[in-house]
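Okay, here's what each chain looks like letter by letter:
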Amino acid sequence: MRTQVVDHPLVSHKLTTLRDQDTDSPTFRRLCDELVTLLAYEATREVRVIAADITTPVSPTTGVKLATPKPLVVPILRAGLGMLDGMMRLLPTAEVGFLGMLRNEETLEASTYAERLPEDLSGRQCYVLDPMLATGGTLAAAIRFLTDRGADDITAICLLAAPEGLARLEAGLDGLAAPVTVVTAALDERLNDKGYIVPGLGDAGDRMYGVAH
Ligand SMILES: O=P(O)(O)OC[C@H]1O[C@H](OP(=O)(O)OP(=O)(O)O)[C@H](O)[C@@H]1O
Ligand SMILES: O=c1cc[nH]c(=O)[nH]1
Ligand SMILES: [Mg+2]
């Protein structure tokens, strides 16, 4: 597993406002959208392309276009949905699959409550969107879902990651043939006793959409 922390002053600037408890939901959603587009630029560095012949107004030339099968973007509901538009801005022709996952706040175990993905993901590059990688349980389960269907290259885009979650994810993916990359805006200090990222930003889904229960 490869982890990339995107070190850029604009990313740090936007992330600082995102973390601030006084930032309201509309601003939080906008910043999340902008951050994803910045992270997506790095996350798609290895996106598969093929040569494409075109003619400019001046001469013929060869460029590239996205290879098929097209990449699949998979936001993890709820909070990952707030990252979808920012990602699709860079990859407008990608397809989208959905996973609804919820972490039990007592046991910290992730469960899946919704799934709408192609049956066969053979040879697909997948981009998983979830703002928070805390214990890593949610992302580990999502990656297994995709690789069980044949996905052969996974990149997760997270706004924040905890060291404990990255370590658990790496251990949990032991033996997986598909390469996994995590691209994040920041590697935070730790998890607290409730499994929240410190300093973090609180509950990403609640801050985007309101308290669920
Ligand atoms: O790494 P983990 O410890 O598994 O935690 C991370 C997960 O927790 C949050 O989702 P949550 O369960 O709060 O659902 P929500 O997006 O609907 O709020 C977050 O968006 C991740 O999906
Ligand atoms: O800090 C955290 C941990 C899990 N889920 C969140 O939304 N925030
Ligand atoms: Mg939540």
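Nothing here was measured: the structure is a model prediction, and the numbers come from that model.

A. Region of interest: unusual backbone geometry. Cis geometry marks the peptide bond from threonine 68 to proline 69; its omega dihedral reads 0°. By the element assignment, proline 69 lies in the loop between β3 (60–66) and β4 (72–77). Residue leucine 77 is joined to arginine 78 through a cis peptide bond whose omega torsion reads -5°. If you trace the backbone, arginine 78 turns up in the loop between β4 and α3 (84–88). Positive phi values are uncommon outside glycine, yet leucine 108 reaches one of about 65°. Looking at the element boundaries, leucine 108 is found in the loop between β6 (98–103) and β7 (110–116).

B. Quick look at the site of ligand 2. With respect to spatial proximity, the complete set of residues near ligand 2 consists of Arg103, Met132, Ala134, Gly195, Tyr196, Ile197, Gly202, Asp203 and Ala204. Separating an oxygen atom of ligand 2 from a backbone N or O atom of isoleucine 197 is a distance of 2.9 Å. Measuring from an oxygen atom of ligand 2, one finds a backbone N or O atom of alanine 204 at 2.9 Å. Within the complex, the protein chains bury 89% of what would otherwise be the 240 Å² of accessible surface of ligand 2. With respect to the pocket detection grid, ligand 2 is positioned in the largest pocket. Taken together, the residues of the shell around ligand 2 break down into 5 nonpolar, 2 polar and 2 charged.

C. Just the environment of arginine 19, in detail. Looking at the secondary structure, you find arginine 19 in helix α1 (residues 9–19). A sequence separation of 182 residues divides arginine 19 from leucine 201, and the C-alpha atoms of the two residues are 4.4 Å apart. Ignoring sequence-local partners within four residues, the contact set of arginine 19 consists of Leu160, Ala186, Asp188, Pro199, Gly200, Leu201 and Arg207. There is a polar contact of 2.7 Å between the side chain of arginine 19 and the side chain of aspartate 188.

D. Layout of the packing of aromatic side chains. Summed over all chains, the structure comprises 0 aromatic pairs. Its end group placed over the ring of tyrosine 196, arginine 103 keeps NZ or CZ at 5.4 Å from the ring centre.

E. Structural view of helix α4 (residues 137–148). With 12 residues, α4 extends 16 Å between its outermost C-alpha atoms, agreeing within 8% with the 16 Å of an ideal straight helix rising 1.5 Å per residue. Glycine 150 occupies a position one or two residues after α4 and carries a positive phi of about 110°.

Criteria and cut-off values
Residues numbered from 1 in each chain as written. Chains lettered and ligands numbered in written order. Predicted model: local features only at pLDDT ≥ 70, side-chain atom pairs only at ≥ 80, totals over all residues. Heavy atoms only, no water. Helix = DSSP H or I, 4+ residues; strand = E, 2+ residues; numbered from the N terminus. Near = heavy atom within 4 Å. Polar contact = N/O pair within 3.5 Å; in protein donor to acceptor, adjacent residues only side chain to side chain. Areas by Shrake-Rupley, 256 points an atom, 1.4 Å probe, with all protein chains shown as cover. 1 Å grid on protein atoms, 1.4 Å probe; cavity = no way out; pocket = protein on both sides within 12 Å on 5 of 7 lines; lining within 4 Å. Sits in = over half its atoms within 2 Å of the grid points. Nonpolar A, V, L, I, M, F, W, Y, C, P; charged D, E, K, R; others polar. Contact = heavy atoms within 4.5 Å. Phe/Tyr/Trp six-rings, centres within 6.5 Å; stacked < 30°, edge-to-face > 60°. Lys NZ or Arg CZ within 6 Å of the ring centre and 35° of its normal. Expected span 1.5 Å × (residues − 1).

By themselves, these figures tell us nothing about what the structure is for.
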